[in-house]
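Fold and contact review
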Amino acid sequence: GVETLMRIPPSVLRQHNTREDAWSAFNGKVYNLTAYLPFHPGGEKELMRVAGRDGTKLFGLTHAWVNVDFMLDSCLVGFLVPELSTS
Ligand code: HEM
């Protein structure tokens, strides 16, 4: 449920940038891509380019017609939020 989703700043997203633990953000939503990697029609290597970062732009350039929300619904981990300030 939505209550279990996390608020994820870029610094946390960046820590999930490996083949074994790959997260990426698309349109403000953060997905765990790890299980999907071997199934991506464009290949694992292409998908790993956005691991640990916001993939919205690259995704739009390659296939804006693909519905990430629908395809990766079960891989949603949370929402990308601005870096927390200490002030
Ligand atoms: C192809 C899904 C991210 C590069 C595809 C296709 C799907 C897909 C369904 C087949 C599209 C079609 O045939 O019409 C996804 C999902 C992504 C994702 C769900 C996000 C989680 C990316 C990213 C890149 C990328 C970030 C580039 C850095 C490609 C390329 C193809 C492709 C180049 C074409 C492969 C070919 O036709 O030979 N992807 N993709 N994808 N994807 Fe992705």
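Reference entry: report on the structure contained in this document. Quick caveat: nothing in here was measured; it's all calculated off a predicted structure.

Considerations on the packing of aromatic side chains
The geometry of two aromatic rings is summed up by the distance between their centres and the angle between their planes. Tallying each qualifying case throughout the model produces two aromatic pairs. Here Phe26 and Tyr31 contribute two aromatic rings whose centre-to-centre distance is 6.3 Å and whose plane-to-plane angle is 45°, an arrangement assigned as tilted. Judged by its relative accessible area of 5%, Phe26 falls in the buried class. Their ring planes at 65° and their centres at 5.4 Å tell us that Phe26 and Phe59 sit as a pair that is edge-to-face. Taken as a pair, Phe26 in strand 3 (residues 21-26) and Phe59 in helix 3 (residues 56-63) lie far apart in primary sequence, 33 residues in all. Given the relative accessible area of 17%, Phe59 is considered buried. Within the aromatic cluster, the residues linked to one another by ring pairs are Phe26, Tyr31 and Phe59.

Focus on the pattern of salt bridges
Two side chains carrying opposite charge are able to pair once their charged atoms lie near each other. Applying the stated criterion to the full structure yields three salt bridges. The residue Arg19 makes a salt bridge to Glu44 at a minimum N-O spacing of 2.5 Å. Placement of the pair is Arg19 in the loop between strand 2 (17-18) and strand 3 and Glu44 in helix 2 (residues 44-48), with a sequence separation of 25 residues. Note on Arg19: relative accessible area 30%, which makes it partly exposed. Glu44 sits in the partly exposed class, given a relative accessible area of 32%. A salt bridge links Arg49 to Glu46, with the shortest nitrogen-to-oxygen separation between them at 3.4 Å. Judged by its relative accessible area of 45%, Arg49 falls in the partly exposed class.

The rules behind each value
- Residues numbered from 1 in each chain as written.
- Predicted model: local features only at pLDDT ≥ 70, side-chain atom pairs only at ≥ 80, totals over all residues.
- Heavy atoms only, no water.
- Phe/Tyr/Trp six-rings, centres within 6.5 Å; stacked < 30°, edge-to-face > 60°.
- Buried < 20%, exposed > 50% of the residue type's maximum accessible area, 1.4 Å probe, protein only.
- Helix = DSSP H or I, 4+ residues; strand = E, 2+ residues; numbered from the N terminus.
- Salt bridge = Lys/Arg side-chain N within 4 Å of Asp/Glu carboxyl O.

Purely spatial values, then, with no claim about function.
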